[in-house]
Each structure stands twice: as C-alpha cells, then as structure tokens.
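Examining the three-dimensional arrangement
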Number of protein chains: 2
Amino acid sequence: MRAFFYPAAVAVFGVSEEPRNLARNIIHNCRSMGFEGDLYPVGKKPGEVQGMPILTDPEDLPRGVDLAVVLVPAPRVPEVFDACGRKGIRHAVVSTGGFREYEGAESRVEREVLSVASRHGIRFIGPNCIGVISTGSGLCTPFNPLDTGRFQKGPVGVISQSGGVTTQAAYTFSDEHVGFSNIISAGNKLDIDEIDLLSFLLQDEETEQVHLYLESIERGRDFLRLVREAPKPVVLLKANVGRTASAVARSHTAALFNDDRVVQAAVRQVGVVRVETIHDMTVAAKALTLPALRGNRLAAVSFSGGFSVILADACEREGFVCPPLPRDLVRKIEGYRRGGVIRMSNPMDLGDVHDPMGVVFALEACLGLDSIDGMALSMIYDEQMSRLFGGRGASKEQILSFAAGLSERFEKPVALSFFTEKRHVEDFKALGKYPVFNDAVESVRALRMLRDYWVRRGEGSAGAQGGM
Amino acid sequence: MRAFFYPAAVAVFGVSEEPRNLARNIIHNCRSMGFEGDLYPVGKKPGEVQGMPILTDPEDLPRGVDLAVVLVPAPRVPEVFDACGRKGIRHAVVSTGGFREYEGAESRVEREVLSVASRHGIRFIGPNCIGVISTGSGLCTPFNPLDTGRFQKGPVGVISQSGGVTTQAAYTFSDEHVGFSNIISAGNKLDIDEIDLLSFLLQDEETEQVHLYLESIERGRDFLRLVREAPKPVVLLKANVGRTASAVARSHTAALFNDDRVVQAAVRQVGVVRVETIHDMTVAAKALTLPALRGNRLAAVSFSGGFSVILADACEREGFVCPPLPRDLVRKIEGYRRGGVIRMSNPMDLGDVHDPMGVVFALEACLGLDSIDGMALSMIYDEQMSRLFGGRGASKEQILSFAAGLSERFEKPVALSFFTEKRHVEDFKALGKYPVFNDAVESVRALRMLRDYWVRRGEGSAGAQGGM
C-alpha cells in the first residue's frame, strides 16, 4: 500500500499538450507540491508537459515506476492496465469516471478492468476519484488545479467518498493549521475500499488519527472490528443519514445501504468520534492531540463574567459537570482578587484577578484536583492584557507554552480559546504550539469529542459517565 | 435617548495623566474611532490628555455637553451627578463598579445616585458597565483600550449584559463583515434597562435588527410585547440557562431570575431568533438581510455530490423539506449535463453541468417554482472554476451580484456558501455585496434562523410548518 502514498516514480496516463487536458494538472499539482520522485507523462500524441516529454508508447517507461495515475476514457483503462502490468507497475489510481455510476452495476468495462488487474496483480484506487494528496511525499493526483502551496503537513489522515469533500478537507485542515498526512478520495472502490485504506492509515507512521467522510459503510462488521482494535483515534462524518439525502447519494456514489445503526454502534461501542461538518473534523483533530479526558468533570475558567456563563451553559449542554471546588482553595484564589467583588466558583470568573501569580495558582490548583478531569479555559487576549502573564506582556508563544505545560504536567486536557479579534486567534492557531479553538463554546464541544473517544473506549474512570 | 449614542459633546469624569488611569482610554477610544463631537476630560489634578487640558472644576465645562461618562469611585458618583445637573447634562454612562454587585441590594450610594439623578432629571446607563460603542457617531466609551480601527459599520444593534461579550461582539460582527450600528453594555441597569435600550434601537434609523446577550429577562411581559410589535427582527442569546451557570451568573450580574419559559414563549410566539453563540449572532444577522422565508420547502443545490449529500442531511436536521422537482424541469436541466452521468433531483448536484447557461437556467427555474420557498446554494470556487460564470471567469463581485439578483428577483432567500479555501471565503465576505456563510451546513442553519423569524411571525404560508 505504501506505493499509493510514497511512490518512487509515477506514470500519468492520458496527458496531452491541449490546454483543456485534465491529466496535465496531475503533473502540475505534483511538481508544485514538491513531489521529488520521477514523473512520466504518457499520452497518445508526442509533446512536452512541464519540460517533460510525453511518452506515446508505455513500453518506453523505465523500470522502477511503482504507481500509475490513469485518466483515459473508461474503455481504454484495460489496455493501460495491461501496459502497466508489462512494465511491473502494480499500483494505480484510476481517476476516470463512467463506470458503475454511469452504466449500472453490470458494467462490462469494469469486469474487464478487474480481470486485467488480477492477471497482473495490480491493486487500484477508484475509478471515479481524484486519488491521493500526501504532504509526506508531495504526491498530489487530483486532476483539478490545486493551490498546493497552502497545504500544511499534519497528523491527520482523511479518507473521503467525495472529491469535493477531499479538496475541501485539504484546504480546511490547512486553513485551521491542523494539517494532514494523506488524504484519499476513494471513488467507486472497485478494488481498494475504505477498510483497506483505513488499515493502511492506522499503520502509516505519518498519520496519528484517521478521519472519514463516508456516505455508506458496506462492511460494517469489519469497520467495527478495525476501529475497536485501532491504536489511533477514528473520526467519522457519516453523511447520507436521512431520507432527503438518499436519492442524491445514490446518484453520487451509488450508496444504497445506509444503516445508521452501524454508525451508532461504532460511536457507542468502539469510541468513534462522530462529527457533522468538515470544520468539526478539525475541532476533533485538535481535541485528540490533547491528553486523555478520563471523566466528565470539568473546571470552566474565563476572565469575563459573560464568558463564564456561556461556558457554563455549554458544559451543561454537552453533558459535563462542573463540580464545586474545595472551600479552602476558593478562599486562597479569592485572596488574589483586586476588587474582591467576584465570588469564586466553578465555572470561575477570574476577571477580578489581575495578579499573574494568582492566575497561575488558580489554574494549576484547579487542574490538579482529583475531582477535575479537564479544563475549558477562555482567555482574554489583547495586546495590553497580555501583560498578565509577564512583567511586560507575555508573547503569544509564552501563553501557548504555559497552556501546553499545564496540560502536560497534570496529564489532563486544557481546551483553550480566546475572546479577542479573529486575527489574534488566527495568529495563535498559526503558531501550532498548542491547539486553540475558535471560541469558548467550540472548546467545550472539543472536550465532548475527546470524551467520546476516551470514555467510550472504556478508559474513563468509574463513575465518570454522568450526564452522558 | 439619542444623546447616549450621538452626543454633540461629552465630558469624561475621572481622567488623570497617570499611565494606569483607565478613564484616559475613553478619550483615546473616542478619538481613534473618529468621534467628532467635543470631548472634555475632567479630573482632580490638572494636566493634559491627548492634547486636551483636564478640567479640575466641572463648573468650567461649557454649555451644550449632553453626555457624561463617569469613571470615579462609587462614593463620588453623586457629586459628579450633581455637577452634571448644574451644567445641564441629562445623560450619563456610569462605568464605575462597586455598587449592588459589591454591596448587595441595599447599597446606600446607589440610593443616593438615584436620588440626585431624579432631582436633576438625569437618565443613566450602568453602573458597572463599559457603555456604548457607536459606529454612527464614533462614540466609544469602554475604558479598556480597543482596536477601534477594525470596527465596521453595519445594520446590527447589540445590547449586552456583559462587558466581555460587548467587546467580543464588536470584534466578531466586524470580523465577519456584518458590522454594527450601536453596541451597549447595560451593566447593573439601575436606571436604563434592556427594555429601554431595545425600544430605542427598534426606532434608531442606523439599526435594522437588534441582538441581545442577556443573563436574565426581568420584565418578561414587556419584553414579549415589545418584540411582538417590533418592526425589526430581534435575535437573542439567552445565557444562564442551566443549573451550572446560575452561581456564576449571580455573582456576575446578580441574575437571579432565570425563567427559560419566557425565552421559549418569545421564540414560539413572537418570532425571536434564538442563538447559542456570538458567532451564530452573525449568522442570524446575515440571514435576516435576506428576503423573507415564508415556508419550509428548500431547493438545495451544490456542485459536488458530497456537498449535496451534506446539504441534504443539514436540511433534514433543521426541519426543512426538499420537494421533488417537476419532471419536465428535471429533463431540461439534465439536457445541460456534460457527461450525462448525474441524475438530477432535489437536493441537486450540478457538478456535471459545465455550461454556465445551464447553471443559470437551473438556479432560476428552481427558485421560481411555487413549490420552493428558498435555496441553499453551495458554490464551488477556485480561480479556474470561476470561469463557469462568464467567458473568461467571473469575478467574485459578479458571482455575488448574480446571487443577489437571483434572490431579489424571486423575493426568496438564497443562502450562499462556497467550498474553497478560507481566504476566498473571507474575500467574498469582505466585499459585503451579499451575505456569504462559512460553509454549507451553516447556510442551512441560517435559513432555519430566517424561518424562525418569518414563519413564527405568522407570515409563513399555510402548510409550511411541516417538520418544525
């Protein structure tokens, strides 16, 4: 399977010099993304693409090509596979559409493709897909021109049953500064299916969590088994849930079987984290980089009364409890107040604590309590207020390092958000030193996703299931 | 009430040259925001702030000052009010804290403030607040230094029971390019309360919709009456909903009474749009600039199979129906397909229609149907694909103008989103020509908010209540 993601050399079938030729974009995407392996354009007419000659006879391909990307008309795919087989190419991405989703299940060309593939031992992704985007190798097989310079490397592998979602996921994970390792558009899954891809990503050393966009789960039992035994978190956006979606899903990916019971079983039994939007995939991805959330009891801390109240409502909505703090601790924290106006509780409003030592004491003391499993921390940030964490103002890096140190030392998650301008939030995210959520409510949703993973995997503490 | 927002001249009490003096920031914020009225710093010691002399005797104030912003210690507020009264100042923002929330309900200084105010006919906002930010006049009374250059003028008035939420709303509405007219931090509401402020904003010509962040609604009946008769939409983020929030809300705004039945009654009876996050206030604000959504039947259109399925699930989740389209219309749209691969339905995947005329025909025909009340439109955008809407590629302006024209002509809302990079979405939003939502799921949520307003106000068509 590695050849699908980290090939040494790639042949692209279907390239021509014509301006509207789509296969050219595959060469261009790979080059602009920094793919360092060899690339061989293959086409019917001689010519040149990106300074490379177009080979008109596949026999001229050198040995050592381990992946073919195929974008020729459907009836010609078998002969391309035959040529690949003769040159020892054992892996292919078949981008071409017009198979099952066009001709129905009894597609003759499909049977032919399978037969040639099996004769030569070729495994393939697709057809009817855009293939693989890999930040590890720079491989980028989509045939639509992509802004590859914006893609960020990161721990998330994505498998998608939609080309549109594939590119959107690449952009969204990058825009949120989460990044990705490998994103795969699975297409018609005639040979390689999401179970094969999931198995690979669960082993891939560049991938620390796997996110799936699926419109159908056909091998439900295999899916459950795989996720149960997975050493890495699995996040699932299962679309095609309701009746409204079923017609459009059928014409999109021929997704007939739509049993939400498999999804619910996965969520309940094996700790799949379920999300409903692509953005929430990034929220889950950030959450899952935090230490384990082994229970249901949070400290919710803000520097504004309003955001403390908003946090409190969000905690309750997501099924968390905010246990009261020990009286002597409350008294100590209250000793740091300036006005002495605000009574301390959990959720806690530290807006009256202007002493950085007091803030540090309060956060450490709360997170250190045995009765607290994690923290939602809504920080104020503006250039002036940043002084709070240092004599002359702490930098954004210092604030993130403090949060990172806090969660590491106590081995409990601190879900961090800021109330400030969006540009500051973007700056914090871009630093990539510690996950930052877009707002206080999102940070609590993130903790819920983290809990979905840890508690449902049976690693939460006893008695921590309240409210779930 | 106008003097609170558009004063001709303002006196700021409590100013000094000391670096840590907070009242100085009020002068600074007003100046940097372009407030063109006269400003008069008043303080105990002579000096200069922003090139203006600090008046040590309020008697030296000229006639014509119509607003005082007061940030002196609580016990000194009555004497400041007395001075104001003598100079004919009849409106005040009292920023000072340390009243009821500090001393309890039987605050003596509070009674004194009320008595002096009533003697001189002074109306005041606060105490314990940050007052008013007005993009119409440039008035900006918060005593924390703000990045006023980023504030954008817009149609939304906000009343907030939290200072933190006040500044965050100013930033969030600006960051989302919605903008705001007047934002008011109401504080302890000793004199002017949210009902007074709401009444004003419902008449204010700069304000087209009013958004509220409230932790308690004390005059529930007045609130319901006011909203029922309101000529403008009202959006409510009612926090302090659950038990978890009640303790922190009490110490924050003394919000004891927390009857969610009033809120639910408002939502059901009078068409208040309820939201749960500050970001969703901006979603509601964008939605409410669209034409009326008079029913529950949507056309959901995308240019990707995946996003069509995601739209379909979102529609069902928010209680919408996507009725089937007439057969002859479906056949006509199918005539524009290139591959002829995708069967048309509602939700509709136009990914196979590469003819701009076909896209325009399909969108116009769908929106024009009597069986369709509105549209969720998930557009693809990348620099190459933008060619779709013109010979050589339509500009972002042209795409927005097309959507605006569409919704205007049919007097039905088109909730527009794009699947593309975030920077393009930000560019679209910044143009401000037509509301753009952050993603397809958000666009459907926006339509739900619009429906909350129109259908519940009794202006939806009969039989349009299905699924609600």
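Everything below is about the structure shown above.
Attention here is on the structure that accompanies the text. In this text the structure is predicted, and so the values were computed from the model without any measurement.

As for the packing of aromatic side chains
Residue and element names in this part refer to chain A. Within this structure, the stated rule accounts for 22 aromatic pairs over all chains. Centre to centre, the rings of Phe 151 and Tyr 171 are 5.4 Å apart; their planes meet at 50°, and the pair counts as tilted. A residue pair is termed long-range when its members are at least 10 positions apart, and Phe 151 in the loop between β8 (131–134) and β9 (156–160) and Tyr 171 in helix α5 (residues 163–175) qualify at 20 residues. Given a relative accessible area of 11%, Phe 151 falls into the buried group.

Examining the interface of chain B and chain A
Of the residues lining the interface, 64 residues belong to chain B; the matching set on chain A comes to 62 residues. Between chain B and chain A, the buried area comes to about 4800 Å², and carbon and sulfur atoms account for 56% of it. For the pair chain B and chain A, the number of links is 10 salt bridges. Taken together, chain B and chain A are joined by 26 residue pairs in polar contact (both at pLDDT 80 or more). Elements that contribute at least two residues to the side of chain B that touches chain A include exactly α3 (100–103), α5 (163–175), α8 (243–253), α10 (278–287), α11 (305–317) and α15 (422–431) of chain B. For the side of chain B that touches chain A, the element with the highest residue contribution is α11(B), accounting for 10 residues. Of the residues that constitute the side of chain B that touches chain A, the class distribution is 22 nonpolar, 19 polar and 23 charged.

What to know about helix α6 (residues 194–203) of chain B
Residue and element names in this part refer to chain B. The buried count for α6 comes to 7 of 10 residues, which makes it a mostly enclosed element. Taken as a whole, α6 has its buried residues at Glu 194, Ile 195, Leu 197, Leu 198, Phe 200, Leu 201 and Leu 202. Elements that come into contact with the buried residues of α6 comprise β7 (123–125), β9 (156–160), β10 (182–185), β11 (209–214), α7 (220–229) and β12 (234–238). The N-capping residue of α6, defined by a side-chain oxygen 3.0 Å from the backbone nitrogen of Ile 195, is Asp 193.

Quick notes on the pairing of strand β6 (residues 91–94) of chain A
Residue and element names in this part refer to chain A. Neither face of β6 is open: one carries His 91 and Val 93, the other Ala 92 and Val 94, and all of them are buried. By the bridge criterion, 3 bridges tie strand β5 (residues 67–70) to β6 in an arrangement that is parallel. Paired with Ala 68 across the bridge in β6 is Ala 92. For the crossover that starts at β5, traverses helix α2 (residues 77–86) and ends in the parallel β6, the hand is right-handed.

Structural notes on the pairing of β9(B)
As a general feature of sheets, a regular strand has side chains that alternate between the two faces. Residue and element names in this part refer to chain B. Counting buried positions along β9 gives 5 out of 5 residues, so the element sits mostly inside the fold. Burial along β9 is two-sided: the residues Val 156, Val 158 and Ser 160 and Gly 157 and Ile 159 are all buried. Strand direction decides the pairing type here: β9 and β11, joined by 5 bridges, are parallel. Following the sheet pairing, Ser 160 is matched in β11 by Tyr 213. Note: β9 against β10, 3 bridges, orientation parallel. Among the inter-strand pairings, Ile 159 is bridged to a residue of β10, identified as Ile 184.

A few points about the sheet that holds β5(A)
Residues and elements named next belong to chain A. The sheet built from 5 strands is open, its strands ordered β2-β1-β5-β6-β7 with parallel pairing. The sheet is open, and its two borders are formed by β2 (38–42) and β7 (123–125), each paired with just one other strand. Between one strand and the next, the sheet's axes are offset by a mean angle of 20°, whatever the strand orientation. The sheet contact formed by β6 and β7 spans 3 bridges and is parallel. Looking at the pairing, Ala 92 lines up with Phe 124 of β7.

Thresholds applied
Residues numbered from 1 in each chain as written. Chains lettered and ligands numbered in written order. Predicted model: local features only at pLDDT ≥ 70, side-chain atom pairs only at ≥ 80, totals over all residues. Heavy atoms only, no water. Phe/Tyr/Trp six-rings, centres within 6.5 Å; stacked < 30°, edge-to-face > 60°. Helix = DSSP H or I, 4+ residues; strand = E, 2+ residues; numbered from the N terminus. Buried < 20%, exposed > 50% of the residue type's maximum accessible area, 1.4 Å probe, protein only. Contact = heavy atoms within 4.5 Å. Buried area = accessible area lost by both parts, 1.4 Å probe. Salt bridge = Lys/Arg side-chain N within 4 Å of Asp/Glu carboxyl O. Polar contact = N/O pair within 3.5 Å; in protein donor to acceptor, adjacent residues only side chain to side chain. Nonpolar A, V, L, I, M, F, W, Y, C, P; charged D, E, K, R; others polar. Pairing = 2+ DSSP bridges. Right-handed = clockwise from strand over helix to strand, strands pointing away. Axes fitted to C-alpha atoms, helices over the stretch in contact; angles between N-to-C directions.

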